[in-house]
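Take a look at the letters that make up each chain.
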Amino acid sequence: QVQLVESGGGVVQPGRSLRLSCAASGFTFSNFAMHWVRQAPGKGLEWVAVISFDGTNKYYSDSVRGRFTISRDNSMNMLYLQMNSLRGDDTAVYYCANGGGNYVAPIFGMWGQGTLVTVSS
Amino acid sequence: DIQMTQSPSSLSASVGDRVTITCRASQSISTRLNWYQQKPGKAPSLLIYGASSLQSGVPSRFSGSGAGTDFTLTISSLQPEDFAIYYCQQSYSTPPVTFGGGTKVEIK
């Protein structure tokens, strides 16, 4: 069935790095833009980054630009988020989401279950 | 960036009640407005897209309306499984994608 499964979360010290992965199955991954959306504990949804279907276009929120890098491997149906220089306010559940065919007009019809990242010393 | 403001931030209602949640955009977004439901410990799920189109599999008691800057999500007869947090999201001018702050629907 159609599925997105995140992995790679955990506890990390401030200033360190972490890489999240999202495995896609059940749909033609290479046809869709993919996003990362996060949710701090008890807070609302915050968009993090998007990558176009072919990986040529990438955009980031102001809060992560310069520290996080989104990438994808269409041959493996995988999405990634490399997170560097982590801060306490990066603590959140990170979701990967399929935004549909248009990366500048996303409709999030498919979400992963989320992976928790805790930044703490 | 387009700011999305939801109201109320929370509400209490009884099973069978009609519930309306409002979302306002800081500038016109045509009908590029989507609604999501999130239950505790779960990922959000799409309810309404394009302001008024019901996502496949979503019960018909959910409806959306609006255009420009003002939008509403209506639940015509609240059911026990509808107690959740609801978010709006604009897809008119991105990036960045922006969400409303959420509306928590609680049991009265």
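Worth saying up front: this structure is predicted, and the values here are computed from it rather than measured. (Residues numbered from 1 in each chain as written. Chains lettered and ligands numbered in written order. Predicted model: local features only at pLDDT ≥ 70, side-chain atom pairs only at ≥ 80, totals over all residues. Heavy atoms only, no water.)

> Pulling in residues and values, what's your account of the overall build of chain B?
Looking only at helices and strands, one finds zero helices and eleven strands in chain B. Each helix and strand of chain B, ordered N terminal to C terminal, gives the series β-β-β-β-β-β-β-β-β-β-β. Taking 108 residues into account, the globule formula puts the C-alpha radius of gyration at 13 Å, and chain B, at 13 Å, falls close to it. Based on the C-alpha atoms only, the size of chain B along its principal axes is roughly 35 × 25 × 25 Å. Within chain B, the proportion of its 108 residues that are buried is 45%. (Helix = DSSP H or I, 4+ residues; strand = E, 2+ residues; numbered from the N terminus. Rg over C-alpha atoms; globule rule 2.2 N^0.38 Å. Buried < 20%, exposed > 50% of the residue type's maximum accessible area, 1.4 Å probe, protein only.)

> Lay out unusual backbone geometry in plain terms, naming residues and giving numbers.
Residue and element names in this part refer to chain B. Residue P8 follows S7 across a cis peptide bond; omega there is -10 degrees. Relative to the helices and strands, P8 is located in the loop between β1 (4-7) and β2 (10-13). The omega torsion of the bond from T94 to P95 falls at -5 degrees, within 30 degrees of zero and hence cis. Position of P95 relative to the elements: it lies in the loop between β9 (85-90) and β10 (98-99). The phi angle at S30 is positive, at roughly 55 degrees, despite the residue not being glycine. Following the sequence through the fold, S30 ends up in the loop between β3 (19-25) and β4 (33-38). Given a relative accessible area of 36%, S30 falls into the partly exposed group.

> I'd like a description of the state of the cysteines, backed by residues and values.
Counted by the stated rule, this structure contains two disulfides over all chains. Two residues share a disulfide in this structure: A:C22 and A:C96, whose sulfurs sit 2.0 Å from each other. Sign of the S-S torsion, about 55 degrees for the bond between A:C22 and A:C96, identifies this disulfide as right-handed. With a gap of 74 residues between them, A:C22 in strand β3 (residues 18-25) and A:C96 in strand β9 (residues 92-98) connect regions that are remote in the sequence. Across this residue pair, the class does not change: A:C22 and A:C96 are buried. Disulfide partner of B:C23: B:C88, at an S-S distance of 2.1 Å. Measuring the twist about the S-S bond at about 70 degrees, one finds the B:C23-B:C88 disulfide to be right-handed. With a gap of 65 residues between them, B:C23 in strand β3 and B:C88 in strand β9 connect regions that are remote in the sequence. Taken individually, B:C23 and B:C88 each receive the classification buried, so the pair is uniform in this respect. (Disulfide = S-S within 2.5 Å.)

> Could you give me a rundown of the pattern of salt bridges, with the residues and numbers involved?
Any two side chains of opposite charge can pair, on the condition that their charged atoms come close. Using the criterion set out here, one finds nine salt bridges over all chains in the structure. Within the structure, one salt-bridge network assembled from shared partners comprises A:R38, A:E46, A:R67 and A:D90. (Salt bridge = Lys/Arg side-chain N within 4 Å of Asp/Glu carboxyl O.)

> Describe in detail the packing of aromatic side chains, supporting the description with residues and values.
Tallying each qualifying case throughout the model produces ten aromatic pairs over all chains. Between A:F108 and B:F99 the ring centres are 6.2 Å apart and the planes differ by 20 degrees, which places this aromatic pair in the stacked class. Placement of A:F108 in the loop between β9 and β10 (110-111) and of B:F99 in strand β10 is noted, with the two residues assigned to different chains. The rings of A:Y95, A:F108, A:W111, B:Y36 and B:F99 are connected pair by pair, giving a single aromatic cluster. Seen from the ring of A:F29, A:R72 lies directly overhead, with NZ or CZ sitting 4.2 Å from the centre. (Phe/Tyr/Trp six-rings, centres within 6.5 Å; stacked < 30°, edge-to-face > 60°. Lys NZ or Arg CZ within 6 Å of the ring centre and 35° of its normal.)

> An account of the interface of chain A and chain B is needed here, citing residue identities and associated values.
Each partner contributes to the interface: chain A provides 18 residues, whereas chain B provides 17 residues. Between chain A and chain B the total buried area reaches about 1500 Å² when both faces are included, carbon and sulfur atoms providing 66% of it. Of all residues in chain A, the largest losses of buried area upon contact with chain B belong to A:L45, A:W47 and A:I107, amounting jointly to 35% of the total for that side. The interface formed by chain A and chain B includes zero salt bridges. (Contact = heavy atoms within 4.5 Å. Buried area = accessible area lost by both parts, 1.4 Å probe.)

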